[in-house]
Amino acid sequence: MQTTIIETIKGDITKIKADAIVNAANSSLLGGGGVDGAIHRSGGPAILEECRKIVARQGGCKTGDAVITTAGNLNANFVIHTVGPVWNGGKKNEAEKLASCYRNSIQLAIKHNCKTIAFPAISTGVYGYPINEAAGVAANTVKDFILNNNHLEKVIFVCFGDDNYGAICHALNQPPIDRS
Ligand code: AR6
């Protein structure tokens, strides 16, 4: 049985080559700051155009859900837009909602025959999810998923900063690599 590789890198997700890259969007799907802004800026207007069509059809995207669009000019075939939970102290099902983001994004990628998917650290920016807790949810959810599913070749965690990178390496039990 083929096994899925989990790779952790420090960098900008808009530069990553993967079948699908994931966007930490908001429920309006109409763009924002952070990684969302970066993806729309680099990918160009085709992404927003498709987001608008999805909004017209289904009225946005709920927390924990995911939708898929073209990746426009990016080095990917698709952008999967998922909406992470806003951190609210941890007692509002934030962990379950964050886990749903990872699961639903992977399921959507597989449905579209993707073999590689790249994730940013969903919810850890504007939405305020503590970095270590978020890394634990991300690592465990992806590990659980690929234990019972062999459709993906590679899952890439793309960390913008050292803190996120260290947290995800720790959560995955992978030694951090210093490429500086
Ligand atoms: N590549 C990889 N990671 C990035 C990049 C990048 N180019 N830019 C930022 N990050 P955030 P959220 C990291 O705030 O917390 C938006 O306005 C960043 O360092 O982008 O889920 C949306 O429209 C952080 O670790 O997303 C929503 O309104 C992580 O990506 C809201 O923010 C997520 O930070 C969503 O908030």
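Above: the structure in question.
Residues numbered from 1 in each chain as written. Predicted model: local features only at pLDDT ≥ 70, side-chain atom pairs only at ≥ 80, totals over all residues. Heavy atoms only, no water.

Caption draft 1: Broad picture of the overall build of the protein. For the protein, the count of helices and strands is five helices and six strands. Ordered by position from N to C terminus, the α and β elements of the protein give β-β-α-α-β-β-α-β-α-β-α. Taking 180 residues into account, the globule formula puts the C-alpha radius of gyration at 16 Å, and the protein, at 15 Å, falls close to it. In terms of overall dimensions, the protein has a C-alpha envelope of 45 × 40 × 35 Å along the principal axes. Counting over 180 residues, the protein shows a buried share of 48%. (Helix = DSSP H or I, 4+ residues; strand = E, 2+ residues; numbered from the N terminus. Rg over C-alpha atoms; globule rule 2.2 N^0.38 Å. Buried < 20%, exposed > 50% of the residue type's maximum accessible area, 1.4 Å probe, protein only.)

Caption draft 2: Expanded view of unusual backbone geometry. Of note in the backbone geometry, Asn-113 takes a positive phi value of approximately 60° without being a glycine. Within the fold, Asn-113 resides in the loop between helix H3 (94–111) and strand E5 (116–119).

Caption draft 3: Examining the sheet that holds E5 more closely. The strand order E1-E6-E5-E2-E4-E3 describes an open sheet built from six strands, whose pairing is mixed. Across the chains shown, the open sheet's two edge strands, defined by having one partner strand only, are strand E1 (5–10) and strand E3 (66–70). Recorded for the sheet is a direction-independent mean angle of 25° between the axes of neighbouring strands. Pairing geometry for E5 and strand E6 (residues 154–159), over four bridges, is parallel. Across the sheet, the residue bridging to Ala-118 is Ile-156, located in E6. On top of the sheet, helix H1 (residues 34–43) reaches strand E2 (18–25) and strand E4 (76–83); it is set at about 130° to E2, its chief contact. Sheet strands touched by helix H4 (residues 131–147): E1 and E6. Its angle to E6, the strand with the most contacts, is close to 175°. (Pairing = 2+ DSSP bridges. Axes fitted to C-alpha atoms, helices over the stretch in contact; angles between N-to-C directions. Contact = heavy atoms within 4.5 Å.)

Caption draft 4: The arrangement of the pairing of E4 in detail. Burial analysis of E4 places six of its eight residues in the buried class, which makes it a mostly covered element. In this sheet, E4 lies alongside E3 in antiparallel orientation, the contact comprising five bridges. Paired with Ala-66 across the strands is Thr-82, a residue of E4.

Caption draft 5: The arrangement of the site of the ligand in detail. With respect to spatial proximity, 21 residues lie near the ligand, and among them Asn-26, Gly-33, Val-35, Asp-36 and Thr-124 are the closest. Within the backbone of Gly-33, a nitrogen or oxygen atom sits 2.7 Å from an oxygen atom of the ligand. At a separation of 2.8 Å, an oxygen atom of the ligand approaches a polar backbone atom of Gly-125. Because more than half of its atoms lie within 2 Å of the grid, the ligand is assigned to the largest pocket. Where the shell around the ligand is concerned, the elements lending two or more residues are E2 and H1. Looking at the shell around the ligand element by element, the count peaks at four residues for H1. Of the residues belonging to the shell around the ligand, the class tally is nine nonpolar, 10 polar and two charged. (Near = heavy atom within 4 Å. Polar contact = N/O pair within 3.5 Å; in protein donor to acceptor, adjacent residues only side chain to side chain. 1 Å grid on protein atoms, 1.4 Å probe; cavity = no way out; pocket = protein on both sides within 12 Å on 5 of 7 lines; lining within 4 Å. Sits in = over half its atoms within 2 Å of the grid points. Nonpolar A, V, L, I, M, F, W, Y, C, P; charged D, E, K, R; others polar.)

Caption draft 6: Examining the nonpolar core more closely. Of all hydrophobic cores here, the largest spans 37 residues; its most connected members are Ile-80, Tyr-102, Ile-106, Ile-117, Phe-119 and Phe-157. For Ile-106, the contacting residues outside a window of four places in its chain are Ile-117, Phe-119, Val-142, Phe-145 and Leu-152. Counting residues in each nonpolar core, the second largest holds 21 residues, with Ala-18, Ala-25, Ile-47 and Val-83 among its members. (Core = buried A, V, L, I, M, F, W, Y, C linked by side-chain atoms within 4.5 Å.)

Caption draft 7: Examining the side chain of His-40 more closely. Topologically, His-40 is positioned in helix H1. With near-sequence residues (within four places) excluded, His-40 lies in contact with Asn-23, Gly-31, Ile-47, Leu-48, Cys-51 and His-81.

Caption draft 8: How the structure looks around the layout of surface pockets. Of the volumes computed, that of the largest pocket is approximately 550 Å³. For the largest pocket, the lining is made up of 26 residues, of which Ala-24, Gly-34, Val-35, Asp-36 and Gly-125 are closest to its centre. With four residues, H1 is the largest single contributor of residues to the lining of the largest pocket. Looking at the lining of the largest pocket residue by residue, the class counts come to 13 nonpolar, 11 polar and two charged. (Points joined across faces, edges and corners; volume = space filled by probe spheres on them.)

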